[in-house]
Each structure stands twice: as structure tokens, then as C-alpha cells.
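Chain and residue survey
Below, each chain spelled out in residue letters.
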Amino acid sequence: MDQNKTGKFIAGERKRKALTQKQLAEMLGISDKTVSKWERGGGFPEVSLLLPLCRELDITVNELLAGERVAEEDYKKKAEENMMNLVKEAQESRKKIILSALVAALAILAALPLVIVAGALEMETWLRCLLIGIGLVVVVLGIIIACVLDRDAGAFECPECHERFVPEMGAYIMGPHTITKRKLRCPKCGAVKYCRHVLTK
Ligand SMILES: [Zn+2]
């Protein structure tokens, strides 16, 4: 540890925050003479003041000890944060896609008995129509909910320019598709291609 370097660093960061020695001292509940002493390299903040001091100056203890901004540390933290967000987004997307498939399957399972009963049993024509109608409504609703969930999960990637986008509902529903790809118009390059469904935007 270099007291002079840390002292200059504290002074620099304090000025960056537009604080006087007195103001910083008051925030920490100490005298301005103590702050002045640190900044002249005449002493190091005691352990109990390290965290409060760093909080007021918006620096890490690491940086205080090093007496300078640690860019790499920032970068790493930032990178980790970004990665965590990506992982979270991918998990959310995966959940939505699974839920979407479940909803569609459940809707079909729920409607099937209705249609079978309507077809197999003796009954009035209006009742038969009603049962089949209800079955159809359940299936259509299920598929709509499944589509909303699936479209909203992650994004689609253009195979030409690799732009990732969420398509309009209309384009999404009308697009021919496989399990993992859907034919869509890329909003960036205009290509109409089978775009891969990816988990992150
Ligand atoms: Zn494109």
C-alpha cells in the first residue's frame, strides 16, 4: 500500500464528487483534519472507515488500496453482470417456450374428449354442435395463448445479417415454420428467410 498514492486518489475522487474535505468528513463522522491527513499521505483510513469512505466516493476498497481506478475490475464486474442478465433472459425464454408447448398440448387434450363424446354418443344435433364448438374454441384459445408466449420468448435471428428481432404477431402467425425456425421478413435487411428462434434478444 502506498499512502501517498491512496491519499492523492482520495483527494481526486473527493473533488470529482465536488465535495470539500469538511463535507466528506461530516459524512463519515470524523474531523476534516483526518481527511486532510489521508490526502497528504500522512495516514491511512482505519478499517472501520474503509467501506463508508468507498461508498461516499463511489469506489471499491480494491481501488482505494491500489490508489487508482481498477479498470479491469470494473470490466469484469460489468461482464459478469451482463452474462447474468443473458442467462436470466435465456431461462425466461426457455420457460415461456415450454409453457407455450404445454398450453397447446393441454388445450388439445381438453378439447379431444368433447369431440369424441360429441361424435360417439346419441344426442340432439344442437348439443353435438355445441360440444364440438366448445372444443374448437378451447383449441383456438390454447393455440393463441401458445403463440403469444412463444413469440414473446427470446427473438428470431436473421440468417443473412444475424439481426435479432421480435416479429409482429400477424407475421409470426402467418409465417410457415418448423419447430425451431419460422419464415419471417428481417426488419434490417428485408430478407424473407427461415429465422432461428433464439433465447436472447
Ligand atoms: Zn437480415
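The following paragraphs examine the structure supplied in this document. (Residues numbered from 1 in each chain as written. Predicted model: local features only at pLDDT ≥ 70, side-chain atom pairs only at ≥ 80, totals over all residues. Heavy atoms only, no water.)

1. Details of unusual backbone geometry
- Of note, Ala18 is a non-glycine position whose phi angle comes to about 55°, a positive value.
- Checked against the element boundaries, Ala18 lands in the loop between helix 1 (3–16) and helix 2 (21–28).
- The phi dihedral of Asp58 falls on the positive side, at around 60°, and the residue is not glycine.
- Within the fold, Asp58 resides in the loop between helix 4 (47–57) and helix 5 (61–66). (Helix = DSSP H or I, 4+ residues; strand = E, 2+ residues; numbered from the N terminus.)

2. Quick notes on the packing of helix 2 against helix 3 (residues 32–39)
- Relative orientation of the contacting elements helix 2 and helix 3 amounts to 115°, with a least axis distance of 8 Å. With respect to their mutual orientation, helix 2 and helix 3 come out roughly perpendicular. Considering only the axes of helix 2 and helix 3, their crossing is right-handed. Facing helix 2, whose interface residues are Gln21, Lys22, Leu24, Ala25 and Leu28, helix 3 presents Asp32, Val35, Ser36, Trp38 and Glu39. (Axes fitted to C-alpha atoms, helices over the stretch in contact; angles between N-to-C directions. Parallel < 35°, antiparallel > 145°, perpendicular 65-115°, else oblique. Left-handed = near helix turned anticlockwise from the far one by under 90°. Contact = heavy atoms within 4.5 Å.)

3. As for the side chain of Ser93
- Among the structural elements, Ser93 can be located in helix 6 (residues 71–120).
- One polar contact links the side chain of Ser93 to the main-chain amide nitrogen of Gly154, over a distance of 3.0 Å. (Polar contact = N/O pair within 3.5 Å; in protein donor to acceptor, adjacent residues only side chain to side chain.)

4. As for the coordination of the zinc ion
- Donor atoms from the polypeptide that bind the zinc ion are Cys158 (SG), Cys161 (SG), Cys186 (SG) and Cys189 (SG), placed at 2.2 to 2.3 Å.
- Its four donor atoms give the zinc ion angles of 104 to 114° at the centre, a pattern that matches the tetrahedral case.
- Residue classification places Cys161 among the partly exposed positions, given a relative accessible area of 27%.
- Of the residues examined, Cys186 reaches a relative accessible area of 2% and is grouped as buried. (Donors = N, O, S within 2.8 Å, 3.2 Å for Na, K, Ca; no water. Tetrahedral: all angles 85-135°; square planar, octahedral: opposite > 155°, others 65-115°. Buried < 20%, exposed > 50% of the residue type's maximum accessible area, 1.4 Å probe, protein only.)

5. Digging into the sheet that holds strand 3 (residues 181–185)
- Taken in spatial order, the four strands of this open sheet run 2-1-4-3, and their pairing is antiparallel. The open sheet has two edge strands with one neighbour each: strand 2 (164–165) and strand 3.
- The sheet contact formed by strand 1 (residues 155–157) and strand 2 spans two bridges and is antiparallel. Bridge pairing links Glu157 to Arg164 in strand 2. (Pairing = 2+ DSSP bridges.)

6. Looking at the packing of aromatic side chains
- Summed over the entire model, instances satisfying the criterion amount to one aromatic pair.
- The ring of Tyr172 carries the charged tip of Arg182 above its face, separated from the ring centre by 3.9 Å. (Phe/Tyr/Trp six-rings, centres within 6.5 Å; stacked < 30°, edge-to-face > 60°. Lys NZ or Arg CZ within 6 Å of the ring centre and 35° of its normal.)

7. Brief notes about helix 4
- Turning to helix 4, its buried residues number three or more, namely Leu49, Leu50, Leu53, Cys54 and Leu57. In a view along the axis of helix 4, the buried residues occupy a sector of 130°, so they form one face of it. Counted as exposed and oriented over 90 degrees from the buried face of helix 4: Ser48, Leu51 and Arg55.
- At its buried positions, helix 4 is contacted by helix 1, helix 2, helix 3 and helix 5.
- Downstream of helix 4 by a residue or two, Asp58 has a phi angle that is positive, lying close to 60°. (Arc of directions from axis to C-beta.)

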